[in-house]
Amino acid sequence: AGLTLGKNEGGLGGDLNDPNQTLYPRGIIGNDSKYAFRLSGSYQLPWEVMIAGSLVTNQGYPYVSSFNLTRAAAALQGITLTRASQNITLSQRGDERLPNVTLADLRFTRTFRLGSRRVIPTLDIFNIGNSSTVVSLNNSVGGTYLEPREIISLRIIRVRFSIHFCVRGDGSWWR
């Protein structure tokens, strides 16, 4: 198990002619999460079946809502822009966050011995809760504001087989 707590904050730098730099000169840097929890383990079940699992949960990543102001739209409000358009940030980075992410995965394996060979089937189940958490969205104010761009991969089930051969005279195994 592991728990990480923290905050990655600092100066944002950038274009000194950008009014957003004076409005929000400091904030969350990168994909900061205040907490991240990891848990994993394995257990030998009856009939030599091995089960392993992991649980991962962390706070959603930060995003910043923004608005793209064009020179024409600014002129209607009596504002003169020196650029063709200006992207205006509407919040400080970290004030808005994507939903928290929680994922659980499981693996089942069992070894079958067939003479000098071992056959090991494996069943992996990723995202067993079939979570569909949004991990990216449109943060620009407009018709598609807050519309999801990406969600976590849906449940995936994978079946694998591996065969191990004993080809050395000393009885050691090769894959």
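Report on the accompanying structure. What you see is a predicted model; the values in this text were computed from it and never measured.

**Some remarks on the overall build of the chain**
Part 1 of the reasoning: In terms of regular secondary structure, the chain is built from 2 helices and 15 strands.
Part 2 of the reasoning: Out of the 175 residues belonging to the chain, those deemed buried represent 24%.
Part 3 of the reasoning: When contacts within the chain are restricted to residue pairs at least 6 apart in sequence, those whose partners lie at least 24 apart make up 57%.
Part 4 of the reasoning: Looking at the chain as shown, the accessible area adds up to about 11600 Å², and 57% of this sits on carbon and sulfur atoms.

**Focus: the pattern of salt bridges**
Part 1 of the reasoning: Summed over the entire model, instances satisfying the criterion amount to 4 salt bridges.
Part 2 of the reasoning: The partner of D124 in a salt bridge is R107, and the shortest N-O contact between them spans 2.5 Å. On the criterion of sequence distance, the pair formed by D124 in strand 12 (residues 117-126) and R107 in strand 10 (residues 101-110) is long-range, its members being 17 residues apart.
Part 3 of the reasoning: What makes R107 partly exposed here is its relative accessible area of 31%.
Part 4 of the reasoning: Residues participating in the shared-partner salt-bridge network are R107, D124, R158 and R160.

**Things to note about the environment of V56**
Part 1 of the reasoning: Tracing the sequence through the fold places V56 in strand 5 (residues 49-58).
Part 2 of the reasoning: For V56, the residues in contact, after removing those within four places along its chain, are F37, R38, V101, T102 and L103.

**Here's the deal with unusual backbone geometry**
Part 1 of the reasoning: Of note, W47 is a non-glycine position whose phi angle comes to about 65°, a positive value.
Part 2 of the reasoning: Topologically, W47 is positioned in the loop between strand 4 (35-44) and strand 5.
Part 3 of the reasoning: If you check the backbone angles, E48 has positive phi at about 60° while not being a glycine.
Part 4 of the reasoning: Structurally, E48 can be placed in the loop between strand 4 and strand 5.
Part 5 of the reasoning: Residue E48 is classed as partly exposed on the basis of its relative accessible area, which comes to 42%.

**Some points on the environment of F165**
Part 1 of the reasoning: Along the chain, F165 turns up in strand 15 (residues 156-165).
Part 2 of the reasoning: Here the alpha-carbon distance between F165 and G115, two residues 50 residues apart in the chain, equals 9.5 Å.

**Quick look at the side chain of N127**
Part 1 of the reasoning: Position of N127 among the secondary structure elements: in the loop between strand 12 and strand 13 (134-137).
Part 2 of the reasoning: Judged by relative accessible area, which is 4%, N127 ranks as buried.
Part 3 of the reasoning: Engagement of the side chain of N127 in a polar contact is seen with the backbone oxygen of S153, the distance being 2.8 Å.
Part 4 of the reasoning: Excluding residues that lie within four positions of it along the chain, N127 makes contacts with L103, A104, D105, I152, S153, L154 and R155.

**Examining the environment of T89**
Part 1 of the reasoning: Tracing the backbone shows T89 in strand 8 (residues 85-89).
Part 2 of the reasoning: T89 sits 50 residues away from N139 along the chain, and the two C-alpha atoms are 9.8 Å apart.

**Topic: the side chain of H164**
Part 1 of the reasoning: Within the secondary structure, H164 is located in strand 15.
Part 2 of the reasoning: Owing to a relative accessible area of 5%, H164 belongs among the buried residues under this scheme.

**Observations concerning a nonpolar patch on the surface**
Part 1 of the reasoning: A cluster of nonpolar residues, L123, I157, V159 and F161, forms a patch on the protein surface that exposes about 410 Å² of accessible area.
Part 2 of the reasoning: Counting residues per element, the nonpolar patch draws most heavily on strand 15, at 3 residues.
Part 3 of the reasoning: Along the chain, the position of L123 falls in strand 12.

Cut-off values and rules
Every chain is numbered independently, its residues counted from 1 as its sequence is written. Reporting of local features is limited, given that this is a predicted model, to residues whose pLDDT is at least 70; pairs of side-chain atoms are given and counted only at 80 or more, and all residues count toward the totals for whole chains, interfaces and linings. With hydrogens and water excluded, all non-hydrogen atoms of the structure serve as input to the side-chain values. Helix and strand definitions here come from DSSP, where helices need a minimum of 4 consecutive H or I residues and strands a minimum of 2 consecutive E residues; each element is numbered from the N-terminal end. Only protein chains enter the accessibility calculation, which uses a 1.4 Å probe; a residue is then buried when its area is under 20% of its type maximum, exposed when over 50%, and partly exposed in between. Should any heavy atoms of two residues lie within 4.5 Å, those residues are counted as being in contact. Reported accessibility uses the Shrake-Rupley method at a 1.4 Å probe radius. Residues are deemed covered only where the shown protein chains occlude them. By convention in these notes, a salt bridge is any Lys or Arg side-chain nitrogen within 4 Å of a carboxyl oxygen on Asp or Glu. Any pair of N or O atoms that falls within 3.5 Å is considered a polar contact. Within protein, one atom must be able to donate a hydrogen and the other to accept it, and sequence-neighbouring residues count only if both atoms are side-chain atoms. Only residues whose relative accessible area exceeds 30% and that form no salt bridge enter a patch; like-charged residues are grouped when within 9 Å of one another, and nonpolar side chains (Val, Leu, Ile, Met, Phe, Trp, Tyr) when within 5 Å.

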